[in-house]
Amino acid sequence: MQIAETDRKAPTRAQRWGLLVTVSAGLLLITLDHSVLYTALPTLTAGLGATGTQSLWIINAYPVVMAGLLLGSGMLGDRVGHRRMFLVGLFVFAVASLLAAFAPNTGVLIAARALLAVGAATMMPATLALIRVTFQVERERNVAIAVWGSLAVVGAALGPIVGGALLETFWWGSVFLVNVPVAAAAMAATLLVAPRNDPDPSKRWDLVSSLQVMVGLVGAVFAIKELAHQPPSPTVLTIAVLASAVGLTLFVRRQRRLADPLLDFAIFRNPAFTSGVLAAALALFAITGLQLVTTQRFQLVAGFTPLQAGLLVAAVAAGALPTALLGGAVLHRTGLLPLITGGLTLAVPGVILVALGLHAGLPVLVTGMIVTGAGLGATMSVASTAIVGNAPVRRAGMAASVGETSYEFGALTAVALLGSLVTVVYTTVVRLPPGAPTVAGDSLPDALAAAGGDQAVITAAHTAYDIGYLITIAVVAVALTAGVALTGRLLRHHGPGTASGVIPAEH
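Residues numbered from 1 in each chain as written. Predicted model: local features only at pLDDT ≥ 70, side-chain atom pairs only at ≥ 80, totals over all residues. Heavy atoms only, no water.

Caption draft 1: Quick peek at the overall build of the chain. Across its full length, the chain carries 17 helices and zero strands. Radius of gyration (C-alpha) of the chain: 22 Å, near the 23 Å computed for a compact globule of 507 residues. Each principal axis of the C-alpha distribution contributes one length, and for the chain these read about 75 × 45 × 45 Å. Taking the intrachain contacts of the chain between residues at least 6 apart in sequence as the baseline, contacts between residues at least 24 apart amount to 84%. Counting only carbon and sulfur atoms, one obtains 70% of the accessible surface of the chain, whose full area is about 19100 Å². In the chain, which carries 27 positive and 20 negative side-chain charges, the distance between the mean positions of the two groups comes to 9 Å. (Helix = DSSP H or I, 4+ residues; strand = E, 2+ residues; numbered from the N terminus. Rg over C-alpha atoms; globule rule 2.2 N^0.38 Å. Contact = heavy atoms within 4.5 Å. Areas by Shrake-Rupley, 256 points an atom, 1.4 Å probe, with all protein chains shown as cover. Lys, Arg positive; Asp, Glu negative; His and termini not counted. Charge placed at Lys NZ, Arg CZ, Asp CG, Glu CD.)

What follows is the structure, given as structure tokens:
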């Protein structure tokens with residue numbers, strides 16, 4: 001018989017906050033590996049001789065595989081215990097980091113990135129589920145989740161800095177090798193402070209569902225990327241769209257038949273839960289998109305070093321950290337609406353300032369990054385609270401995995417859509433001088449490699465890339481504006497003084 005939440009022996013204060021530090025270390029590893037390659041990618045690509053497509057999959061293999069596995073790993077955590085899942089995930093992550101650090105070629109590196117995603121997907125829902133079952137007082141739990149959420153922002157923002165700093169002294173493999181000692185320390189700490197493993201063997205884990213949703217997501221990514229090719233291949237595009245549609249359709253149908261689905265769609269009837277999912281996805285979409293295109297632009301066009309580009313986008317974290325911590329502390333007074341919808345609202349003018357800063361100067365751009373971070377920090381501090389606070393404890397793993405999947409889907413969509421959009425705009429608007437190499441019209445890196453010092457070719461390529469950059473930033477602003485409207489409607493009854501979550505009774 002499963003022990004009810006109220007019957008569990010409450011962990012001591014030291015155990016609770018020790019656990020938060022431990023799972024936060026695991027989360028920091030996961031989020032750092034999302035963005036650590038943004039500044040390291042040019043160096044890594046040159047070192048391995050990777051093609052443009054291979055470079056994109058070095059980045060994409062991580063979020064694609066993780067997003068496909070997260071729902072299944074959350075349910076598996078409910079079955080075998082979240083402490084066990086966290087430990088296994090840390091171990092796999094450490095092994096994959098070693099493999100990536102010493103990868104002899106691009107194929108091995110992409111495979112190692114996929115294995116990193118397996119480790120991350122195994123432990124990521126466990127980080128939030130362990131907080132959910134350990135912090136039993138709502139106000140304290142809100143603060144813990146806010147700290148957790150702030151580290152997600154900080155980790156994503158610090159990735160480019162860590163990557164740039166390591167490349168100043170070491171070879172590109174160091175951006176992966178640094179994970180190993182952190183993972184080892186987190187494993188040791190978990191054994192000391194995490195609550196006992198509490199499996200529920202009555203839960204069933206469905207591998208077929210995990211494979212179906214992965215096929216759907218991978219197909220969608222291939223479709224988006226193929227649209228970036230000029231011209232796109234009708235065959236590849238058709239196969240990718242069909243695979244995505246079939247995979248996701250079969251997944252939805254299967255969930256409706258299962259007694260213990262990986263995703264119970266009925267939970268989306270709760271508007272606070274749905275708003276949390278939307279907010280998490282949009283926040284990561286915006287942060288990932290801004291970091292990806294800004295670090296690439298300032299390295300390739302402005303000549304920034306990887307470390308300089310990383311420091312530039314770290315302004316997002318500077319803005320996000322204080323509002324993320326404050327959000328959890330005041331949630332019981334403000335309710336969800338001011339923090340989720342208000343945070344997204346604040347981020348919109350921040351993104352507009354980033355776009356204006358491209359020509360107005362770095363002070364304006366950095367200010368925009370800080371304002372954007374402040375808004376998204378407030379949003380992310382309570383988005384996960386809205387998700388896990390509106391699901392029963394026995395489905396903590398499912399709720400956590402839905403939340404993590406929303407974050408991953410936001411990051412994955414940003415890399416696939418916005419990374420491809422820059423290329424589409426570049427190839428459409430670039431106006432090369434007569435006699436320029438044909439390959440210079442494919443992408444900015446190709447143009448810089450083929451220009452041979454021809455300033456006219458370089459200037460034309462830079463101009464085209466900047467147009468693509470501005471259009472990409474505009475897409476981020478439009479997405480955030482849509483998020484303001486949607487979450488504002490969903491949370492219209494969740495203003496000041498309202499509860500952040502209504503935990504359904506166990507059933």
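Caption draft 2: Quick look at the packing of helix H5 (residues 138-169) against helix H10 (residues 271-300). In contact at an axis separation of 11 Å, H5 and H10 are set at 10° when each is read in the N-to-C sense. With respect to each other, H5 and H10 are oriented roughly parallel. Note on element contacts: H10 touches H5 through Ile287, Gln291 and Thr295, opposite Val153, Ala156, Ala157 and Pro160. Looking at side-chain class alone, the contact of H5 with H10 contains five nonpolar, two polar and no charged residues. (Axes fitted to C-alpha atoms, helices over the stretch in contact; angles between N-to-C directions. Parallel < 35°, antiparallel > 145°, perpendicular 65-115°, else oblique. Nonpolar A, V, L, I, M, F, W, Y, C, P; charged D, E, K, R; others polar.)

Caption draft 3: Focus on a nonpolar patch on the surface. A surface patch of nonpolar side chains, about 490 Å² in accessible area, is lined by Leu98, Phe102, Phe170, Trp171 and Leu177. Position of Phe170 among the secondary structure elements: in the loop between H5 and helix H6 (174-177). (Patch = residues over 30% accessible without salt bridge, like charges linked within 9 Å, V, L, I, M, F, W, Y side chains within 5 Å. Salt bridge = Lys/Arg side-chain N within 4 Å of Asp/Glu carboxyl O.)

Caption draft 4: Representation of the environment of Arg297 in the model. Mapped onto the fold, Arg297 is located in helix H10. Assessed through its relative accessible area of 8%, Arg297 is described here as buried. Sequence spacing of Arg297 and His462 is 165 residues, and the spatial spacing of their C-alpha atoms is 8.9 Å. Discounting chain neighbours no more than four positions away, the residues touching Arg297 are Ala302, Leu358, Tyr465, Asp466 and Tyr469. Among the polar contacts made by the side chain of Arg297, one reaches the side chain of Asp466 at a distance of 2.8 Å. (Buried < 20%, exposed > 50% of the residue type's maximum accessible area, 1.4 Å probe, protein only. Polar contact = N/O pair within 3.5 Å; in protein donor to acceptor, adjacent residues only side chain to side chain.)

Caption draft 5: Just helix H13 (residues 336-360), in detail. Between the first and last C-alpha of H13 there are 35 Å, a value that for 25 residues agrees with the 36 Å anticipated at 1.5 Å per step. Most pronounced at Gly342, the bend in H13 amounts to some 25°. (Expected span 1.5 Å × (residues − 1). Bend = angle between axes of the 7 residues up to and from the residue.)

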